[in-house]
Amino acid sequence: MLARDHFHRAVCETPFHPRTAALNQLNLWHRWRDHTVADAYFDVGMEYNAIRNSCAVFDLSPMTKHLVTGPDALAFMNRLVTRDVAKLKPLRVGYAVWCDEGGQVIDDGTIFHLRDGVYRLCSQERQLDWLHSSALGFEVRIVEETNDIAGLAVQGPTSCAVLRSFGLAGIETLTPFGLRSYPFAGGTLEVSRTGYTGDLGYELWIAPEHALRLWDELFLAGANHGIRAIGTLALEMSRIEAGFIQAGVDFLPADRAVRVDRTRSPFELDLGRLVDFSKPNFTGRRALLEEHRRGSRYRLVRLDVAGNKPARDAYVYDQRRTNIGVVTSSMWSPAAKASIALASVMMPWGAPGEELTAEIYYQKELKWNRFMARCRVVEGPFFDPPRRRATPPADR
Amino acid sequence: MTEPRSVIVIGAGHNGLACATYLARAGRKVLVLEAAAQPGGAAITREFAPGFRVSAVAHLLHLLDPVVERELGLAQHGLAYARDALATVSLAGERAPLVLSGGSILSGEVSAADRSALRAHAARMQKFARLIARQHGRVPPRLRFDSWRDALPALALALDIRRLGRKDMREFLRLATMNIYDVLEEQFEHPGLKGALALDAVLGARLGPRSGNSVYTSLYRQSGAVNGRCGALALPRGGMGAVTDALAAAARAAGVGIRCGASVESILVRDGRACGVRLERGEELGAELVVSNADPQRSLLRLLGARHLEAEFARRVHNLRAAGNAAKLHLALGGRPQFRGLSAAQLGERLLIAPDVDYVERAFNPAKYGEFSTQPVLEITLPSLHDRGLAPAGREVLSAVVQYAPYDLKGGWAVGKERFLAAVMATLEEHAPGIGALVQHAELLTPMDIEQQFGITGGHWHHGELALDQFMVLRPVPGAAQYATPVAGLYLCGAGCHPGGGVMGTAGRNAARVIAGGG
Ligand SMILES: Cc1cc2nc3c(=O)[nH]c(=O)nc-3n(C[C@H](O)[C@H](O)[C@H](O)COP(=O)(O)OP(=O)(O)OC[C@H]3O[C@@H](n4cnc5c(N)ncnc54)[C@H](O)[C@@H]3O)c2cc1C
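Residues numbered from 1 in each chain as written. Chains lettered and ligands numbered in written order. Predicted model: local features only at pLDDT ≥ 70, side-chain atom pairs only at ≥ 80, totals over all residues. Heavy atoms only, no water.

**Q** Lay out the overall build of chain B in plain terms, naming residues and giving numbers.
**A** Counting its regular elements, chain B contains 16 helices and 22 strands. Scaling as 2.2 N^0.38, a compact globule of 519 residues should have a C-alpha radius of gyration of about 24 Å, and chain B matches this with 22 Å. With respect to the principal axes defined by its C-alpha atoms, chain B has extents near 70 × 60 × 45 Å. In chain B, buried positions account for 62% of the 519 residues. Taking all contacts inside chain B whose residues are at least 6 apart in sequence as the whole, residues at least 24 apart take part in 72%. Summed over its atoms, the accessible surface of chain B is roughly 19,200 Å², and 52% of this surface lies on carbon and sulfur atoms. On chain B, the mean spot of the 57 positive side-chain charges and the mean spot of the 47 negative ones are 5 Å from each other. (Helix = DSSP H or I, 4+ residues; strand = E, 2+ residues; numbered from the N terminus. Rg over C-alpha atoms; globule rule 2.2 N^0.38 Å. Buried < 20%, exposed > 50% of the residue type's maximum accessible area, 1.4 Å probe, protein only. Contact = heavy atoms within 4.5 Å. Areas by Shrake-Rupley, 256 points an atom, 1.4 Å probe, with all protein chains shown as cover. Lys, Arg positive; Asp, Glu negative; His and termini not counted. Charge placed at Lys NZ, Arg CZ, Asp CG, Glu CD.)

**Q** Just give me the short version of the interface of chain A and chain B, but keep the residues and values in it.
**A** Opposite the 20 residues of chain A that make contact, chain B presents 18 residues. Here chain A packs against chain B, burying approximately 1,400 Å² in sum over the two surfaces, 47% of which is carbon and sulfur. Joining chain A to chain B, the criterion identifies 2 salt bridges. Between Glu101 of chain A and Arg316 of chain B there is a salt bridge, with the nearest N and O atoms lying 2.7 Å from each other. Inspection of the region where chain A meets chain B yields 14 residue pairs in polar contact (both at pLDDT 80 or more). Looking at the side of chain A that touches chain B, the elements with two or more residues in it are helix 3 (73–80), helix 4 (128–134) and helix 8 (285–294) of chain A. Residue composition of the side of chain A that touches chain B, grouped by class: 6 nonpolar, 7 polar and 7 charged. (Buried area = accessible area lost by both parts, 1.4 Å probe. Salt bridge = Lys/Arg side-chain N within 4 Å of Asp/Glu carboxyl O. Polar contact = N/O pair within 3.5 Å; in protein donor to acceptor, adjacent residues only side chain to side chain. Nonpolar A, V, L, I, M, F, W, Y, C, P; charged D, E, K, R; others polar.)

**Q** Describe the sheet that holds strand 19 (residues 377–381) of chain B, naming the residues involved and giving the relevant values.
**A** Residues and elements named next belong to chain B. Read from one edge to the other, the open sheet built from 8 strands follows the order 8-7-6-18-19-20-17-21, with strand pairing classed as mixed. Of all strands in the sheet, those with a lone pairing partner are strand 8 (104–107) and strand 21 (439–445), marking the two edges. Averaged over all neighbouring strand pairs, the angle between strand axes comes to 25°, with direction disregarded. Pairing between strand 7 (residues 98–101) and strand 8: 3 bridges, direction antiparallel. (Pairing = 2+ DSSP bridges. Axes fitted to C-alpha atoms, helices over the stretch in contact; angles between N-to-C directions.)

**Q** I'd like a description of the domain arrangement of chain B, backed by residues and values.
**A** Residues and elements named next belong to chain B. For chain B, the assigned domains are domain 1 (6–44 + 66–80 + 237–320 + 465–518) and domain 2 (116–233). Inter-centroid distance (C-alpha atoms) of domain 1 to domain 2 is 26 Å. Across the boundary between the two partners, domain 1 contributes 21 residues, which contact 18 residues of domain 2. Between domain 1 and domain 2, a total of about 1,700 Å² is buried, with carbon and sulfur atoms accounting for 65% of that surface. (Domains from an automatic or database assignment.)

**Q** Could you give me a rundown of the site of the ligand, with the residues and numbers involved?
**A** Residues and elements named next belong to chain B. Around the ligand sit 36 residues in total, of which Glu34, Leu60, Trp461, Gly502 and Val503 are the nearest. Interatomic distance of 2.9 Å between a side-chain N/O atom of His463 and an oxygen atom of the ligand. A distance of 2.9 Å separates an oxygen atom of the ligand from a polar atom in the backbone of Ala495. Sorting the residues of the shell around the ligand by element identifies helix 1 (14–25), helix 10 (296–305) and helix 15 (447–454) as the ones contributing at least two each. (Near = heavy atom within 4 Å.)

**Q** Go over the packing of aromatic side chains with me, naming the residues and quoting the values.
**A** For the structure shown, the criterion picks out 18 aromatic pairs over all chains. The interplanar angle of 40° and the centroid separation of 5.7 Å between the aromatic rings of Phe16 of chain A and Trp215 of chain A together place this pair among those described as tilted. Of the two residues, Phe16 of chain A sits in the loop between strand 1 (12–13) and helix 1 (17–23) while Trp215 of chain A sits in helix 6 (residues 211–222), which places them 199 residues apart along the sequence. An aromatic cluster of at least three residues, connected via ring pairs, comprises Phe16, Trp215 and Phe219 of chain A. Here the guanidinium or amino end of Arg210 of chain B rests over the ring plane of Tyr181 of chain B, the centre of that ring lying 3.9 Å away. (Phe/Tyr/Trp six-rings, centres within 6.5 Å; stacked < 30°, edge-to-face > 60°. Lys NZ or Arg CZ within 6 Å of the ring centre and 35° of its normal.)

**Q** I'd like a description of unusual backbone geometry, backed by residues and values.
**A** Along the chain, Met347 of chain A connects to Pro348 of chain A via a cis peptide bond; the corresponding omega equals 5°. Within the element layout of this structure, Pro348 of chain A appears in the loop between strand 18 (338–346) and strand 19 (355–364). Cis geometry marks the peptide bond from His498 of chain B to Pro499 of chain B; its omega dihedral reads 5°. In this structure, Asp270 of chain A takes a positive phi of about 60° despite not being glycine. Asp270 of chain A gets classed as partly exposed once you look at its relative accessible area, which sits at 37%. Even without a glycine there, the phi angle at Arg321 of chain A is positive, about 65°. Mapped onto the elements, Arg321 of chain A comes out in the loop between strand 16 (315–317) and strand 17 (323–333).

**Q** Could you give an account of the pattern of salt bridges, naming the residues involved and the relevant values?
**A** Residue and element names in this part refer to chain A. Evaluation of the coordinates by the stated rule reveals 58 salt bridges over all chains. For the salt bridge of Arg19 with Asp216, the shortest nitrogen-to-oxygen distance reads 2.7 Å. Residue Arg19 is found in helix 1, and its partner Asp216 is found in helix 6; the two are separated by 197 residues along the sequence. When its relative accessible area of 26% is taken as the criterion, Arg19 is described as partly exposed. One salt bridge in this structure joins Arg376 and Asp304, with 3.8 Å as the shortest N-O distance. With Arg376 in strand 20 (residues 367–378) and Asp304 in strand 15 (residues 298–305), this pair connects stretches of sequence that are 72 residues apart. A residue is classified by how much of its surface remains accessible, and Arg376, at 36% relative accessible area, is partly exposed.

**Q** Requested: an account of the side chain of His17 of chain A, with residues and values cited.
**A** Residue and element names in this part refer to chain A. Residue position: His17 is located in helix 1. Using a relative accessible area of 13% as the deciding quantity, one classes His17 as buried. For His17, the residues in contact, after removing those within four places along its chain, are Ala22, Trp29 and Thr36.

**Q** I'd like to hear about the packing of helix 1 of chain B against helix 9 (residues 241–253) of chain B, residue by residue, with values.
**A** All names here are of chain B. Look at helix 1 against helix 9: their axes get within 9 Å of each other, and the N-to-C directions meet at 25°. One way to sum up the angle between helix 1 and helix 9 is to call them roughly parallel. The hand of the helix 1/helix 9 crossing is left-handed. In this structure, helix 1 contributes His14, Leu17, Ala18 and Thr21 to the contact, and helix 9 contributes Thr244, Leu247, Ala248, Ala250 and Ala251. Considering only residue class, the contact of helix 1 with helix 9 consists of 6 nonpolar, 3 polar and no charged. (Parallel < 35°, antiparallel > 145°, perpendicular 65-115°, else oblique. Left-handed = near helix turned anticlockwise from the far one by under 90°.)

Written out as structure tokens, the structure reads:
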């Protein structure tokens with residue numbers, strides 16, 4: 001529950017703020033929903049390197065969290081999202097999207113099956129309104145618990161070792177998307193093998209009052225494993241390399257769109273695997289079935305872009321110079337040693353291997369240059385190390 | 001295994017019966033399940049006091065679809081009229097009552113200007129009402145036109161409006177968005193005339209004369225015909241039950257099975273398809289198709305369940321405005337009542353207590369805030385004057401629609417009903433002194449009673465407000481306006497669908513056409 005005086009401040013600090021503030025040498029912050037989070041602490045490159053080479057810690061407390069309980073919790077979740085939640089066993093986490101009746105994605109997020117019939121839904125956007133209006137006719141209780149749970153992402157090749165030194169015995173046996181709890185400070189620490197980096201990594205969930213102790217002990221345990229606090233900028237790099245999409249960046253949440261053609265379906269976001277038509281009913285099913293039959297309008301593609309200039313917001317053209325889409329996320333990828341991008345293009349363009357062109361503008365000493373960069377549609381993420389899935393992870 | 005081509009119809013209201021008959025004639029094997037002890041829904045005749053029988057809810061027949069009447073052979077199956085063209089009498093207390101029928105004044109002190117204005121007004125409204133009537137039998141288009149077939153009804157409507165001619169088209173489009181109060185003020189002087197015309201616009205609706213949409217409801221009310229006379233009001237011989245008795249006989253003759261006392265608890269769904277029903281007593285019955293004559297909210301949220309629907313669709317159904325406002329009063333009278341200024345012959349017409357348009361609006365005022373009218377408007381008939389079978393010799397039956405009685409009465413009907421009855425009787429007494437002393441038994445059905453006894457959620461006349469935002473392609477809600485619901489194998493056929501309520505049969509017939517044509 002929010003403190004009753006929450007309205008005095010438009011933007012709050014997370015439970016880890018005393019620590020993140022002390023480390024934030026750049027004093028660089030931005031607003032994530034109603035919280036202040038660090039863009040970067042000292043150097044984005046070094047923070048990125050922590051994700052890929054040692055252990056990075058990211059404060060994800062502002063992540064929106066909803067607890068869904070009650071006799072109809074499973075039925076409710078299954079009507080809400082496009083995948084089959086019945087297949088998600090207790091102590092497992094599942095990635096999911098949910099749509100409006102037009103089959104357009106409202107948001108994506110993760111479902112934590114905490115215990116039999118109790119679910120936590122984590123998402124980028126606030127969803128209470130949608131969840132409540134979807135609850136008509138279901139015996140469920142939906143509580144927003146964003147501020148009741150502080151979260152840390154612990155990501156990178158040494159993250160498992162850090163957690164072991166921290167005292168999480170047997171954590172190396174936790175499989176990807178597994179969930180486990182450990183006693184901590186008289187309470188419970190929940191650990192899931194999840195993340196937004198595409199690397200080996202975990203997420204730690206704790207009651208806010210134990211947040212600082214968790215931070216301190218974790219950093220103590222990680223001292224010899226290269227542990228480092230990272231901000232959103234470094235995280236953003238890793239998620240693009242991993243090919244993950246972000247609401248509001250790579251797609252427009254359907255409930256915010258004014259223009260009908262600006263939204264995207266799961267198929268159009270390369271998330272068709274999350275749509276399970278064997279479920280007899282879920283919101284968006286009819287429209288998605290129709291789309292499945294008729295074909296989609298758009299396709300999300302991953303582009304390997306020539307040159308070293310990030311293809312920021314670039315228009316994408318086909319061989320005949322027809323404008324077929326736009327880049328939604330882009331960066332120079334240290335891991336792939338390439339300029340990479342996520343783009344949304346019209347069908348039928350964007351088949352794997354297709355050669356396209358990105359129109360890149362960049363400024364040099366106040367002069368704008370245009371660069372028509374060749375790009376190639378690639379299949380799969382730009383960076384996908386085996387350690388992401390290895391159980392137990394290699395000991396480092 | 002469900003039998004191929006089998007259909008279960010939930011509810012033996014007149015629409016359910018009509019739909020069942022058409023489906024049986026199209027070769028389906030149809031079983032109608034009715035919760036009540038007799039078929040007919042809100043169109044039945046029943047005994048409400050020993051020896052006194054009355055049309056229990058609907059009491060005047062004026063919208064019955066002539067196509068249904070003819071195709072189903074209702075006359076052959078026993079439908080006859082005790083009166084087929086009642087005049088309307090606007091009671092005026094001390095003043096001489098005004099008697100009108102269609103566009104003409106039969107008696108009353110009405111200026112020449114009003115008389116000619118009425119002729120013109122009635123002719124114009126009749127023309128527009130016929131336009132509305134032409135849409136009744138058309139299955140509404142879908143909101144997204146995927147094919148030419150979908151777009152045809154919309155084009156037909158556009159064409160109908162064009163065909164009115166330039167002047168009438170402009171007038172139609174002007175009137176359609178107005179309220180009846182302004183229209184009447186624009187044209188008439190006589191208070192009783194305006195009161196009567198205003199009442200016709202608001203009967204059964206949660207509207208006052210000054211509410212938007214009240215021209216549309218007025219046109220809708222006039223969109224029927226009895227024995228070819230547009231806008232006529234009839235009393236079936238034997239009461240409203242005669243209509244549904246004839247429909248039930250036609251249904252049985254077509255091979256339809258009708259089971260009464262069979263209340264459906266839920267619609268069974270397998271793999272996203274409706275496959276039968278479960279009765280309240282636990283019995284399960286399978287069928288290839290399920291058609292519901294119950295109102296949309298009951299059908300989709302209670303019997304089916306929101307979980308079988310997509311979230312926004314379920315919301316839309318939930319948000320339907322379906323709180324009733326009309327109560328029904330039945331009096332068993334020990335003798336013939338005397339209404340001030342009325343001749344014996346006039347007593348048998350349709351009597352209105354709506355002395356002027358402000359009276360009607362004032363009656364509506366409390367309803368806006370969940371209170372009943374302390375000076376209600378009434379539409380009264382004394383059917384036993386034409387139909388001796390309804391009351392013991394020397395006694396009479398009074399049947400009246402009374403407004404406004406909001407379904408969701410503040411404080412609840414358990415407390416409010418007696419006070420409302422007292423207000424109604426006091427109002428009646430003003431116009432018919434001594435009537436109270438004649439009353440041997442009084443039955444007042446509030447919308448809450450109608451909900452409980454007739455299974456209509458909210459007790460609403462039309463199974464959901466008949467308004468421009470809940471009509472045609474929007475009726476009951478987008479996504480179910482073509483009688484098919486989003487759940488395969490499940491259809492709606494009641495008054496909540498296009499064209500709307502009233503004893504009509506068109507919704508049932510349209511639904512059967514959709515089902516037989518492709519379901
Ligand atoms: C006060 C009042 C006065 C009216 N006066 C007039 C009038 O004078 N003239 C006129 O034309 N119209 C009048 N109407 C409107 C008219 O009565 C209705 O619009 C019409 O009867 C609706 O017919 P229907 O067949 O669609 O539904 P209904 O007549 O409501 O029939 C539905 C049937 O379904 C059954 N049912 C519901 N749920 C279940 C279940 N779970 N299991 C089994 N069966 C179920 C019900 O018992 C009912 O028999 C009046 C309405 C009201 C409320």
